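Report on the structure
Below, each chain spelled out in residue letters.
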Amino acid sequence: MSTVLSVSGSPSPTSRTGRLLRHLDARLTARGHRVIPLDVRTIPADALLGADFRHPAIVEATELFARADGVVVGTPVYKAAYSGLLKSLLDLLPQYALTDKAVLPLATGGTTAHVLAIDYALRPVLSSMGASHILPGWFTLDKDITVTEDGTVSVADASAEALAQVVDAFSTALHQRAAASTTVLAAAG
Ligand SMILES: Cc1cc2nc3c(=O)[nH]c(=O)nc-3n(C[C@H](O)[C@H](O)[C@H](O)COP(=O)(O)O)c2cc1C
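Report follows, based on the coordinates. (Residues numbered from 1 in each chain as written. Predicted model: local features only at pLDDT ≥ 70, side-chain atom pairs only at ≥ 80, totals over all residues. Heavy atoms only, no water.)

1. Structural notes on unusual backbone geometry
Of note, the phi angle at K79 is positive, near 50°, even though the residue is not glycine. Positionally, K79 belongs in the loop between strand 3 (70–76) and helix 4 (84–90). Residue classification places K79 among the exposed residues on the basis of a relative accessible area of 83%. (Helix = DSSP H or I, 4+ residues; strand = E, 2+ residues; numbered from the N terminus. Buried < 20%, exposed > 50% of the residue type's maximum accessible area, 1.4 Å probe, protein only.)

2. A look at the site of the ligand
Lining the immediate surroundings of the ligand are 16 residues, of which S10, S15, T17, V77 and D142 lie closest. Between the ligand and H114, the relevant distance is 2.7 Å, taken from a nitrogen atom to a side-chain nitrogen or oxygen of the residue. Here an oxygen atom of the ligand sits 2.7 Å away from a polar atom, N or O, in the side chain of D142. Here the ligand loses 72% of its free accessible area of 650 Å² to cover by the protein chains. Its residues placed into classes, the shell around the ligand shows four nonpolar, nine polar and three charged. (Near = heavy atom within 4 Å. Polar contact = N/O pair within 3.5 Å; in protein donor to acceptor, adjacent residues only side chain to side chain. Areas by Shrake-Rupley, 256 points an atom, 1.4 Å probe, with all protein chains shown as cover. Nonpolar A, V, L, I, M, F, W, Y, C, P; charged D, E, K, R; others polar.)

3. Overview of a nonpolar patch on the surface
Taken together, the side chains of V115, L116 and Y120 present a nonpolar region at the surface, about 280 Å² in accessible area. By the secondary structure assignment, L116 is in the loop between strand 4 (102–109) and helix 5 (117–128). (Patch = residues over 30% accessible without salt bridge, like charges linked within 9 Å, V, L, I, M, F, W, Y side chains within 5 Å. Salt bridge = Lys/Arg side-chain N within 4 Å of Asp/Glu carboxyl O.)

4. Considerations on the side chain of S88
Relative to the assigned elements, S88 resides in helix 4. For S88, a relative accessible area of 12% puts it in the buried group. Only 2.6 Å separates the side chain of S88 from the backbone oxygen of L85, close enough to count as a polar contact.

5. Examining helix 6 (residues 157–188)
Here helix 6 spans 47 Å end to end across 32 residues, near enough to the 46 Å set by a 1.5 Å rise per residue. Listed in full, the buried residues belonging to helix 6 are S159, A162, L163, A164, V166, V167, F170, S171, A173 and L174. (Expected span 1.5 Å × (residues − 1).)

6. What to know about the pattern of salt bridges
Summed over the entire model, instances satisfying the criterion amount to seven salt bridges. Note that D168 is salt-bridged to R27, the shortest N-O span being 2.9 Å. Highlighted residues: D168 in helix 6 and R27 in helix 1 (residues 16–30), separated in sequence by 141 residues. Owing to a relative accessible area of 23%, D168 belongs among the partly exposed residues under this scheme. Its relative accessible area of 28% is what places R27 among the partly exposed residues. Taken together, the shared-partner salt bridges in this structure form one network comprising R22, D25 and D39.

7. Considering empty space enclosed by the protein
Under the defined criterion, the tally for this structure stands at one cavity of 30 Å³ or more. What the largest cavity holds in volume is close to 30 Å³. Forming the boundary of the largest cavity are S6, L21, L24, D25, L28, V72, L104, L106 and V167. Where the lining of the largest cavity is concerned, the elements lending two or more residues are helix 1 and strand 4. Sort the elements by how many residues they give to the lining of the largest cavity and helix 1 lands first, with four residues. (1 Å grid on protein atoms, 1.4 Å probe; cavity = no way out; pocket = protein on both sides within 12 Å on 5 of 7 lines; lining within 4 Å. Points joined across faces, edges and corners; volume = space filled by probe spheres on them.)

Structure representation (structure tokens):
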């Protein structure tokens, strides 16, 4: 079973990005993965802003990245890029914290003018952290995400199918990597 770290980089307590990720976590769980949610906003601000690498919450987050086989990186688009909150955590991780991991980048935003923010802003950062397998991501308009009073999340048809496809491609990549490492271990004896 692969372990997936599902990271939401929104500072909002009612984050649509966070809700969307938790909604997608269920699809990954149903496909046989163990999903660990991480909302960056729950990490103490003094640790993030003070670059306190030794803070227990930063140490724990670093270990969660290290143990994950795959990472979902979700961010709202703020000022045409990823959130500062997400970057504040990524800056405290080891340079190559994403080496050998499958990575699924996701974004939410208010305008299709920034639909490419994943590719021109987030993807280069993930790549610089050693991620060799960054899957095609998806940008979802905030108006296409509906959260009911009981917390149920629904996504408009325009995005739901594409999200399902990128999540399933991520899941397939994780299963393939698990099978390949089992083969290598078996060959090693
Ligand atoms: C400070 C701020 C800046 C934003 N800048 C952009 C932007 O440049 N482009 C865009 O498409 N949406 C922008 N938005 C809209 C958010 O990306 C969008 O509402 C997103 O779904 C919010 O996600 P969240 O609820 O997880 O924080 C901005 C929102 C805020 C609060």
